[in-house]
Amino acid sequence: MRFHIRHVFDVTIQCMTLYMRVDAPVSRRTLKDLSEGGLCFKSRLPHAEGSTVYIRIPLQKPPFETRGTVTWCRDTGSGYEVGVRFEEKPVDLMLRLVGQACHIKHYMRQERRQGRKLGTDQATREWLMKYGGISSAA
């Protein structure tokens, strides 16, 4: 039974499994959806259930950062989908993040009606520069 509404959103996030070396590179993943309770991302490699991951979503300044626990991992045939439950629930940040995700999706639909087909990452950058209080130098 689902406790939180999931918002579909395919933007690049950063993920690091906490057992990795300190100097290990942070992996980029594609966020599939998110809710107040957690998120799902796409990965080329499986993640062990119960493992702890550090998530960073750069949709706002400062970026949303949290730790989570992998609750499930499914083979999709072309990679994996990984479900993560947030360890902490910083509700104010989550509400802002979900709100921004909805605004960016709306911006993408507006641009599509004007003949521009934007990828999520490009739409996110444009929306943040126009409405998110972030300069192009950021």
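Further up the page is the structure itself.
Residues numbered from 1 in each chain as written. Predicted model: local features only at pLDDT ≥ 70, side-chain atom pairs only at ≥ 80, totals over all residues. Heavy atoms only, no water.

## Focus on helix 2 (residues 120-131)
An ideal rise of 1.5 Å per residue puts 16 Å on 12 residues; helix 2 measures up with 16 Å between its terminal C-alpha atoms. What helix 2 keeps buried is the set Thr120, Ala123, Thr124, Glu126, Trp127 and Leu128. (Helix = DSSP H or I, 4+ residues; strand = E, 2+ residues; numbered from the N terminus. Expected span 1.5 Å × (residues − 1). Buried < 20%, exposed > 50% of the residue type's maximum accessible area, 1.4 Å probe, protein only.)

## Notes on the pattern of salt bridges
Throughout the structure, instances matching the rule amount to 5 salt bridges. The residue Arg116 makes a salt bridge to Glu126 at a minimum N-O spacing of 2.7 Å. With a gap of 10 residues between them, Arg116 in the loop between helix 1 (91-113) and helix 2 and Glu126 in helix 2 connect regions that are remote in the sequence. On the accessibility criterion, Glu126 (15% relative accessible area) is buried. (Salt bridge = Lys/Arg side-chain N within 4 Å of Asp/Glu carboxyl O.)

## Let's talk about the packing of aromatic side chains
The final tally for this structure, using the stated rule, is 0 aromatic pairs. In this arrangement the basic side chain of Arg74 is found over the ring face of Trp72, its NZ or CZ atom lying 3.8 Å from the centre. (Phe/Tyr/Trp six-rings, centres within 6.5 Å; stacked < 30°, edge-to-face > 60°. Lys NZ or Arg CZ within 6 Å of the ring centre and 35° of its normal.)

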